[in-house]
Amino acid sequence: MSTNDNNNNNHNNDDKHNTRYCIMCGKSEKDVGGLVTIPPGMPVCSSCMQGLLDQATKLAAQAEKLTKDKAQKSEPKAKKEDPEPETIEIDIDSDEIPVEEKEDDKNANVEAGDDNDAASVFKKLFGGLPLSGVRFVFPDMMQGENARVRPKKKPKEEPKEENPDVMDIAALPAPHEIKARLDEYVVGQELAKKVISVAVYNHYKRVRRQDEEAFRDDVTIEKSNMLMIGPTGCGKTYLVQTLAKLLNVPLAITDATSLTEAGYIGDDVESVLSKLLASADNDVERAEHGIVFIDEIDKIAKKKNTTSRDVSGESVQQGLLKLLEGAEVEVPVGASSKSAMVPQTTINTKNILFICGGAFPGLDEIVKTRLTKSFTMGFNANLKDTYDKDPDILAKTTTEDLREYGMIPEFIGRLPMIFALRGLDKEAMKRILTEPKNAILKQYQKLLAMDEVKLLFDESALDVIAEEAVSRDTGARALRSIIEEFMLDIMYEIPKDDTIGTVTITGDYIRKKGAPIIEMRA
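This section reports on the structure supplied with the text. (Residues numbered from 1 in each chain as written. Predicted model: local features only at pLDDT ≥ 70, side-chain atom pairs only at ≥ 80, totals over all residues. Heavy atoms only, no water.)

Regarding the sheet that holds strand S14 (residues 517-520)
Overall, mixed pairing links the three strands, which are arranged S12-S13-S14 in an open sheet. Because the sheet does not close on itself, it has two edges, and the strands there are strand S12 (454-457) and S14. Shown here is a sheet whose adjacent strand axes are inclined to one another by a mean of 15°, direction ignored. Looking at chain direction, strand S13 (residues 500-505) and S14 are connected through four bridges and run antiparallel. The partner of Thr502 across the bridge, within S14, is Glu519. Set on the sheet, helix H18 (residues 477-493) makes contact with S12 and S13; between it and S13 the angle comes to about 165°. (Pairing = 2+ DSSP bridges. Helix = DSSP H or I, 4+ residues; strand = E, 2+ residues; numbered from the N terminus. Axes fitted to C-alpha atoms, helices over the stretch in contact; angles between N-to-C directions. Contact = heavy atoms within 4.5 Å.)

Printed below as a string of structure tokens:
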């Protein structure tokens, strides 16, 4: 026999000698894990130890019950029953057992029998211990050299609330529901909210259904891009922002004034889609279902009476044609212009909803000229000044008027839905101050509420603010600038005095003819 064989045999013998076995079931330590060593040095597995303790506890309870029954028979006149023994919980791993040891208990130990006898082992361990009412706890995780790792339970993750996917037709709200949500934030503009609610609903219903077998036929539903016409500050951009927030779709708002023809200084047309891709966290599939709002679209109208190349007017309209129609466009990722150093991706624009908006200054005169072109003499004559004070003059805009303004026919044809927003009058301004969820006055009231001060506005103050905003002719944007002016001193002085409880703004204070009404705290 070789030396290697001798070494292997010696090694195997050492393994057999070192391996411990449970004295109860005979299983090795490798099969059942760590063994518990009990006096006088006997290894026992956790399963057998637990079973032994459970059986001993059961027997002790039965013995206690027999003793109690025998005592009751010998003393039948006893009126009160002995109270139930207090339950004590004992951890086997603990070095201390919460039971007082008495001299009588020490002398009551039973003589030890065979080491392999389970009853003898139990008597050695717990001889004299009052087991009645004792509940043993034998944890799986041992201490010291017999420790076994218990796998940690993963904490249950609370289900995350996911926003409903707008592509799910069941989650897509109906047009009347979309308009109802818009009413909470946008005051007035009933026609515009109704048109945009129907258009958005039909667009995303088309996107959702176009790939299903039941809808694959000869009928193709085309995109309904929109053109909003309205004076500055009437709520065009705010309407689109609120819509995209309600529908949970990516939104890109861009300004047409910065767009130029490819090859010239400025942003390329593809930069519109770059902003949409960034809004969708560079998720191409989500970006292809988003909304693009191109503001100041009237600034790319054709320049009249010019002999130079119109790189920021008619050329930009021509560049936008393929985006509005629906095509695959190479888009730079993280940049506004294409470059060899910038990565690019492909976006299909056939399911992207484009909304264009502009103030179109001077368009009302073009509409008036067309409407009064055929005026005649007599009682039924259509006079030139008939539409001078018509607040809805832009609602009568046609494609002919837009062509006269400078928009090319191809561009107008790709915006089939054209609607106008009304300018804001005094009553609309007053409603904007107080009715929306995030009204301007509510914002200032919340700011002062943080200082425990109540801010109030009387009716005369609202009238003065609304009149001043209408006179500035900048729409709802004028409201904040007016309020900032007269609230400056109040916001500066209030934190100085902790006794101020209520501040009431009056019309005289806004006209600079008086002071606000201040009430101290009780």
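So much for the structure itself; the text now carries on.
Concerning the side chain of Thr504
Inspection of the secondary structure puts Thr504 in strand S13. Contact partners of Thr504, with chain neighbours within four places excluded, come to Leu456, Pro516 and Ile517.

Section: the sheet that holds strand S10 (residues 353-358)
Spatially, five strands are ordered S6-S7-S10-S5-S11 in an open sheet, and the strand pairing comes out parallel. The open sheet terminates on both sides in strands that have one partner only, identified here as strand S6 (251-255) and strand S11 (417-420). Strand-to-strand twist in this sheet, taken as the mean axis angle between neighbours without regard to direction, amounts to 20°. Bridging between strand S5 (residues 226-229) and S11 involves four bridges; their strand directions are parallel. Bridging across to S11, Met228 finds its partner in Phe419. Sheet contacts for helix H9 (residues 271-279): S6, strand S7 (291-295) and S10; angle to S6, the most-contacted strand, approximately 150°.

A look at the environment of Thr237
Its place among the elements puts Thr237 in helix H8 (residues 236-247). A sequence separation of 118 residues divides Thr237 from Ile355, and the C-alpha atoms of the two residues are 10.0 Å apart. Sequence-distant contacts of Thr237, that is, excluding residues within four places in its chain, are made with Ile253, Phe293 and Asp295. There is a polar contact of 3.2 Å between the side chain of Thr237 and the side chain of Asp295. (Polar contact = N/O pair within 3.5 Å; in protein donor to acceptor, adjacent residues only side chain to side chain.)

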